[in-house]
Amino acid sequence: MKEYQTNQLKMYIEQTEMLVINPYLHIRLSKELLEKYKQGLYNKQLAFMLNNINKIRELGIKYPSNADPVFYVYIVPDENFRELLQFPSHRNCKGGGKPVLSYDLDGFNSAYGISSNLLERENKMSSMQEVNNIHEFAHLVHGMFFYNKSRILAEGFAEALPLYTMNYESCFDEHREMLLGLTEEQILSAQELIELERHHDFNKGAILPNKSCSFDFTYFSSYLFVRGCLETIESKFGLSRVESTQKFLEIVRKSQCICEWLIFDIADAIGVPREELLCGKDMQMNVTKKLKIYEKSYIK
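Here the structure is a predicted model, which is why all the values come from computation and not from measurement.

Draft legend 1. Local environment of the side chain of E136. In this structure, E136 sits in helix α6 (residues 127–142). Judged by its relative accessible area of 8%, E136 falls in the buried class. Not counting chain neighbours up to four residues away, the residues in contact with E136 comprise G97, K98, P99 and Y112.

Right, dumping it as structure tokens:
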């Protein structure tokens, strides 16, 4: 039996102050970090964050039980952000952010936990930083439909919401060019991704060094898988990007399966042969082919 461990984040949140930025963005932080907020050290990054949240809300995604959840941001001290957020050990950085369990009943099932130093930056967000920021909030969105059901669907959706549904692919040139240069061998199938998750080995490195998670082999493979599903849904049902995103969330929510059987459920719902969706890469390669067509309009 494992030794009992106290939930450090829960203890931290119980001692925090809550700031209501507006009706749909609330922040929790310690009294010490509140002083930094009062000094205006977080103003610029919070403004960018609020802008990204506004863009997500403008999509009009409908949540189960007609919920209208609040986005919560939990700001934690730099010195122990890894312990509080259970931040991945393989990422060598002095600060970070990731979704964590929410302790606020009026919010999403998850909150966005982030270290203070990331909010103290003065520079404007690059396309990569903005996509990464929306990626983290996208985890809160899908968490209302499925949570810890599938790493491939979670990370794939978190990438697809900004890059495809919100069309950040058109301005994130470096990422788009990376996708255009991929070979079939560099893309992992759904089955390969499931096996990596099953063996707790989902982090297989990046195709380019010193970039965001969008350039990790498992992340862009998951993205291509989910984006392929979204495009298939669009074509099959005659839907827009936002509508296909909504339908995808509902398809995954209705499934009681995990792993391979979850992929089979999705295959049945979108009209793709089960083994093809699980083990094939044709759908993912078709996404890159379409990107080559889109590329002509992006560079005009």
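Draft legend 2. Up close: the packing of helix α10 (residues 217–237) against helix α11 (residues 241–254). Where α10 contacts α11, the axes come no closer than 9 Å and their chain directions differ by 110°. As the angle between them shows, α10 and α11 are arranged roughly perpendicular. Between α10, through V226, C229, L230, I233, E234 and F237, and α11, the contact on the second element is made entirely by R241, S244, T245, K247, F248 and I251. When grouped by side-chain class, the residues that make up the contact of α10 with α11 number seven nonpolar, two polar and three charged.

Draft legend 3. Structural detail: unusual backbone geometry. With a phi angle near 60°, N148 is a residue other than glycine that sits in the positive phi range. Following the sequence through the fold, N148 ends up in the loop between α6 and α7 (151–165). The class for N148 is exposed, based on a relative accessible area of 71%. Of note in this structure, N167 is not a glycine but carries a positive phi near 65°. Along the chain, N167 falls in the loop between α7 and α8 (173–180). Looking at N167, the relative accessible area reads 29%, which means it is partly exposed.

Draft legend 4. Looking closely at the sheet that holds strand β5 (residues 110–115). The mixed open sheet is built from five strands, whose spatial order is β1-β2-β3-β5-β4. The sheet is open, and its two edges are formed by β1 (17–22) and β4 (97–101), each paired on a single side. With strand direction ignored, the average angle separating the axes of adjacent strands in the sheet is 30°. The pairing of strand β3 (residues 71–76) with β5 spans four bridges and is parallel. Looking at the pairing, V76 lines up with S115 of β5.

Draft legend 5. Highlighting helix α3 (residues 43–58). When the terminal C-alpha atoms of α3 are compared, their 22 Å separation across 16 residues agrees well with the 22 Å that a helix rising 1.5 Å per residue should span. Three or more residues of α3 are buried, namely Q45, L46, M49, N52, I53 and I56. One side of α3 holds all its buried residues, which, seen down the axis, span an arc of 120°. Positioned one or two residues after α3, G60 has a phi angle of 75°, which is positive.

Cut-offs used in this document
Residues numbered from 1 in each chain as written. Predicted model: local features only at pLDDT ≥ 70, side-chain atom pairs only at ≥ 80, totals over all residues. Heavy atoms only, no water. Helix = DSSP H or I, 4+ residues; strand = E, 2+ residues; numbered from the N terminus. Buried < 20%, exposed > 50% of the residue type's maximum accessible area, 1.4 Å probe, protein only. Contact = heavy atoms within 4.5 Å. Axes fitted to C-alpha atoms, helices over the stretch in contact; angles between N-to-C directions. Parallel < 35°, antiparallel > 145°, perpendicular 65-115°, else oblique. Nonpolar A, V, L, I, M, F, W, Y, C, P; charged D, E, K, R; others polar. Pairing = 2+ DSSP bridges. Expected span 1.5 Å × (residues − 1). Arc of directions from axis to C-beta.

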